[in-house]
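Here are the chains, one letter per residue:
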Amino acid sequence: MPRAQKKHRFKQLVPFYKQHYGAKEKRLRTRLLNHFRIERPKYWWRERRLWQKIILVFAAVLMLWVGGMYGIARWYIARHADEPFSLGVTFIPSYARGFGIDPQQTMQAMIDDLSVRHFRLVSYWETIEPTPGVYNFDELDWQFAKAQAAGVKVSLAIGLRQPRWPECHAPDWANVKTAPESQWYPQLKNFIGKVVERYRNNPALESYQLENEYFLRAFGECKNFSRERLIDEYNFVKSLDSKNTLIITRSNNALGLPVGQPTPDQFGVSVYKRVWDKTLTKRYIEYPFPAWFYGFLAGAGELLTGKDMVIHELQAEPWPPYGEIIDTPSEELAKSLDARRLKDRFSFGQATGIRTIDLWGAEYWYYQKVVRHDDSLWNAAKESFAPFRH
């Protein structure tokens, strides 16, 4: 068909389409508009029932709140992105002995094989001053010696409450559980002073952690939660050593902001991901908080106080349903921590944006390797530490 005829044919068809299909589309549009009425917002709101209004208001507030939290987290992560990243472990000799492994060999393996460059160490009162006025620093001395020889840094836990059960590590002679504070606190304060004076000039020392999760009442065998004592201990340590960083850890790792005194040089938070719920579900549960949530805690704390936050305890050991780890089969332990989950835990920590992280449970990795002959956790940790070797 010639081009001119095609053009004439098209012009004849246009009215046909407008008459039949255009009318059909117009009727469809009219039905849709009648079905979905477009009203002014104030009239629409008046017609809602009370329960609908409550749900809508709650949803709007929740969206604004979560959006604000996420915005603070992204601000914090971006603000600290260029700062050095420190990845370390908590090491406790008595915990290693409980696994039947040699503490000195364990710590040396962490330094040489894993390339750990930061340790959180403990100074248990019951270990160092077993009898009044008699001090034995031998065990803590060799830990500092290993750290100094390898050029690694130490964060030293001090005070009555320190990591691992029963949390408050007082010698029996102090009678902390039953005697009034006025009787035992001067002895505790004297002990803290001896520890600080011994290690404050050690090249390996980077910071102190004063009274681990001090106000946490739900865990541990601690009876005294006096804020006045914590303030006095803080001021006392600062009077002895003003140059090294002093950390105080949050007692609640999900709610609240650090508004009470004292305000330390840095705050600390612990992060647990997978635990056994023995009260309600009787099963393993994963805490739902995303990594950015801890960035929000750090960012909100920094906006409020001007102080940064570290992760002093990132879960990297299993949480058995009953009894101790050493009495639990490996198959059960793997349900809460295996090599894949351990790698994920390293990644989760980095994703928080917090730049100083100490993992919790490194002694267990070594125990699995040398006693149960399963090196999967140790190798996973080695691979995860590798990018930070220097």
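Below or above, wherever it landed, is the structure these notes cover. (Residues numbered from 1 in each chain as written. Predicted model: local features only at pLDDT ≥ 70, side-chain atom pairs only at ≥ 80, totals over all residues. Heavy atoms only, no water.)

### Points about the overall build of the protein
Right, so step 1: If you tally the helices and strands in the protein, you get 14 helices and ten strands.
Right, so step 2: Within the protein, the fraction of its 390 residues that count as buried is 45%.
Right, so step 3: If you take every contact in the protein between residues at least 6 apart in sequence, the share linking residues at least 24 apart comes to 75%.
Right, so step 4: Total accessible area on the protein is roughly 21000 Å²; 56% of this is exposed by carbon and sulfur atoms. (Helix = DSSP H or I, 4+ residues; strand = E, 2+ residues; numbered from the N terminus. Buried < 20%, exposed > 50% of the residue type's maximum accessible area, 1.4 Å probe, protein only. Contact = heavy atoms within 4.5 Å. Areas by Shrake-Rupley, 256 points an atom, 1.4 Å probe, with all protein chains shown as cover.)

### Regarding the sheet that holds strand S3 (residues 153–158)
Right, so step 1: Ordered by their spatial adjacency, eight strands build a closed barrel running S1-S2-S3-S4-S5-S6-S9-S10, and the pairing between neighbours is parallel. The average angle at which neighbouring strand axes cross in this sheet is 30°, direction not considered.
Right, so step 2: In this sheet, strand S4 (residues 205–210) lies alongside S3 in parallel orientation, the contact comprising five bridges. Its bridge partner lying in S4, Ala 157 is registered against Gln 209.
Right, so step 3: Most of the contacts of helix H8 (residues 181–199) go to S3, to which it runs at about 170°, and overall it touches S3 and S4. (Pairing = 2+ DSSP bridges. Axes fitted to C-alpha atoms, helices over the stretch in contact; angles between N-to-C directions.)

### Notes on the packing of helix H12 (residues 339–351) against helix H14 (residues 376–385)
Right, so step 1: The geometry of H12 relative to H14 is characterised by a closest axis approach of 9 Å and an angle of 25° between their N-to-C directions. When the axes of H12 and H14 are compared, the pair comes out roughly parallel. Our pair here, H12 against H14, has a crossing hand that is right-handed. Each of Ala 339, Leu 342, Lys 343 and Phe 346 in H12 lies in contact with H14, whose residues at this interface are Ser 376, Leu 377, Ala 380, Ala 381, Glu 383, Ser 384 and Phe 385.
Right, so step 2: The class makeup of the residues in the contact of H12 with H14 is seven nonpolar, two polar and two charged. (Parallel < 35°, antiparallel > 145°, perpendicular 65-115°, else oblique. Left-handed = near helix turned anticlockwise from the far one by under 90°. Nonpolar A, V, L, I, M, F, W, Y, C, P; charged D, E, K, R; others polar.)

### Looking at helix H3 (residues 50–80)
Right, so step 1: Look at H3: 45 Å from first C-alpha to last across 31 residues, which is about the 45 Å you get at 1.5 Å a residue.
Right, so step 2: Of the residues making up H3, those classed as buried are Met 69, Ala 73, Tyr 76, Ile 77 and His 80. (Expected span 1.5 Å × (residues − 1).)

### So, unusual backbone geometry
Right, so step 1: The step from Trp 165 to Pro 166 runs through a cis peptide bond, and the omega angle for that step is 5°.
Right, so step 2: Structurally, Pro 166 is set in the loop between S3 and H8.
Right, so step 3: Cis geometry marks the peptide bond from Gln 261 to Pro 262; its omega dihedral reads 0°.
Right, so step 4: Inspection of the secondary structure puts Pro 262 in the loop between strand S5 (245–249) and strand S6 (266–271).

### Digging into H12
An α-helix turns once every 3.6 residues. As a result, residues three or four positions apart point the same way.
Right, so step 1: Spanning 13 residues, H12 covers 19 Å between terminal C-alpha atoms, matching the ideal 18 Å at 1.5 Å per step.
Right, so step 2: Among the residues of H12, those classed as buried are Arg 341, Leu 342, Arg 345, Phe 346, Phe 348 and Gly 349. Within H12, the buried residues cover an arc of 160° as seen down the axis, which keeps them to one side. (Arc of directions from axis to C-beta.)

### A short note on the side chain of His 169
Right, so step 1: Along the chain, the position of His 169 falls in the loop between S3 and H8.
Right, so step 2: There is a polar contact of 3.4 Å between the side chain of His 169 and the backbone oxygen of Pro 163.
Right, so step 3: From its side chain, His 169 meets the backbone oxygen of Arg 164 in a polar contact 2.9 Å long.
Right, so step 4: Contact partners of His 169, with chain neighbours within four places excluded, come to Tyr 124, Trp 125, Glu 126, Leu 160, Gln 162, Pro 163 and Arg 164. (Polar contact = N/O pair within 3.5 Å; in protein donor to acceptor, adjacent residues only side chain to side chain.)

### Some thoughts on the environment of His 169
Right, so step 1: A relative accessible area of 2% places His 169 in the buried class.
Right, so step 2: Along the sequence, His 169 and Thr 127 sit 42 residues apart, while their C-alpha atoms lie 8.3 Å from each other.
Right, so step 3: Here the side chain of His 169 touches Gln 162 through a polar contact of 3.4 Å, landing on its backbone oxygen.

### Concerning the packing of aromatic side chains
Right, so step 1: One pass over the structure, following the stated rule, counts 26 aromatic pairs.
Right, so step 2: Relative to Phe 119, the ring of Phe 91 has its centre 6.5 Å away and its plane inclined at 80°; by these criteria the two rings are edge-to-face. Placement of Phe 91 in the loop between strand S1 (86–90) and helix H4 (93–98) and of Phe 119 in strand S2 (residues 118–122) is noted, with a sequence separation of 28 residues between them.
Right, so step 3: You can call Phe 119 buried: its relative accessible area is 0%. (Phe/Tyr/Trp six-rings, centres within 6.5 Å; stacked < 30°, edge-to-face > 60°.)

### Here we look at the pairing of S5
Right, so step 1: Taking burial as the measure, the five residues of S5 include four buried ones, the bulk of the element.
Right, so step 2: Direction of pairing for S4 relative to S5: parallel, over a ladder of three bridges. Each residue of the ladder has a partner; that of Gln 209, found in S5, is Ile 247.
Right, so step 3: For the handedness criterion, the β-α-β arrangement of S4, helix H9 (residues 227–240) and S5 is classed as right-handed. (Right-handed = clockwise from strand over helix to strand, strands pointing away.)

### A few points about the pattern of salt bridges
Right, so step 1: Applying the stated criterion across every chain, the model contains 17 salt bridges.
Right, so step 2: Salt-bridge contacts for Lys 335 lead to Glu 332; the nearest nitrogen and oxygen are separated by 3.1 Å.
Right, so step 3: By relative accessible area, Lys 335 is classed as partly exposed at 41%. (Salt bridge = Lys/Arg side-chain N within 4 Å of Asp/Glu carboxyl O.)

### Quick word on the environment of Lys 53
Right, so step 1: Along the chain, the position of Lys 53 falls in helix H3.
Right, so step 2: Those residues in contact with Lys 53, other than ones at most four positions away along the chain, are Trp 45, Arg 46 and Arg 48.

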